[in-house]
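Residues per chain are reported as follows:
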Amino acid sequence: VEGNWKIYYTERGNDDDPIYSTYDIDDAIKYYKNYIINEEHWHLIIITRSIEKMNEYRSILELNGIKIIQNDMPDYSKKDDRVFRLFVTNKDIFRAEKLFKKIPYSDL
């Protein structure tokens, strides 16, 4: 197949400038696979308004050597309302699945 193969990062339907361009399709596929494999993937473990529940999950993950990312957000449904979120990255999702009955946990 002839043509100029371009790799774009697309989010919410908007393409950024090409991150890679080549006339070789095999080269484009190889670049894309390597790009995806090396990209950090976040997996939601818990979303809750309960600081106690969030800390429970956090403790279990940390005790098992799993790196977490906490990314909280305001809910806006009432003043000072906060939603707590914990994520793990990449293959740690499989380790987290062994620790909890159901993920993601949500009580919202």
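Small disclaimer: the values here were computed from a predicted structure and weren't measured.

### Some words on the nonpolar core
Residues Ile 45, Tyr 57, Leu 61, Ile 68, Leu 86, Val 88 and Phe 100 are the most contacted members of the largest nonpolar core, which totals 13 residues. Setting aside chain neighbours within four positions, we find Ile 68 in contact with Arg 58, Leu 61, Glu 62, Leu 86, Phe 87 and Val 88.

### Points about the environment of Ile 19
Looking at the element boundaries, Ile 19 is found in the loop between strand 3 (14-15) and strand 4 (20-22). Spatially, the C-alpha atoms of Ile 19 and His 41 are 19 Å apart, while their sequence positions differ by 22 residues. Excluding residues within four positions of it along the chain, Ile 19 makes contact with Ile 7, Tyr 31 and Tyr 35.

### With respect to the side chain of Thr 22
Checked against the element boundaries, Thr 22 lands in strand 4. At 3.1 Å, the side chain of Thr 22 forms a polar contact with the backbone nitrogen of Asp 24. Those residues in contact with Thr 22, other than ones at most four positions away along the chain, are Gly 3, Asn 4, Trp 5, Asp 27 and Ala 28.

### So, the pattern of salt bridges
Taken as a whole, this structure holds six salt bridges when the rule is applied. With a closest N to O distance of 3.1 Å, Glu 11 and Arg 12 form a salt bridge. Residue Arg 58 is joined to Glu 62 by a salt bridge in which the shortest nitrogen-to-oxygen separation is 3.1 Å. Highlighted residues: Arg 58 and Glu 62, both in helix 2 (residues 51-63), separated by four residues, approximately one helical turn. What makes Glu 62 partly exposed here is its relative accessible area of 44%.

Criteria and cut-off values
- Residues numbered from 1 in each chain as written.
- Predicted model: local features only at pLDDT ≥ 70, side-chain atom pairs only at ≥ 80, totals over all residues.
- Heavy atoms only, no water.
- Core = buried A, V, L, I, M, F, W, Y, C linked by side-chain atoms within 4.5 Å.
- Buried < 20%, exposed > 50% of the residue type's maximum accessible area, 1.4 Å probe, protein only.
- Contact = heavy atoms within 4.5 Å.
- Helix = DSSP H or I, 4+ residues; strand = E, 2+ residues; numbered from the N terminus.
- Polar contact = N/O pair within 3.5 Å; in protein donor to acceptor, adjacent residues only side chain to side chain.
- Salt bridge = Lys/Arg side-chain N within 4 Å of Asp/Glu carboxyl O.

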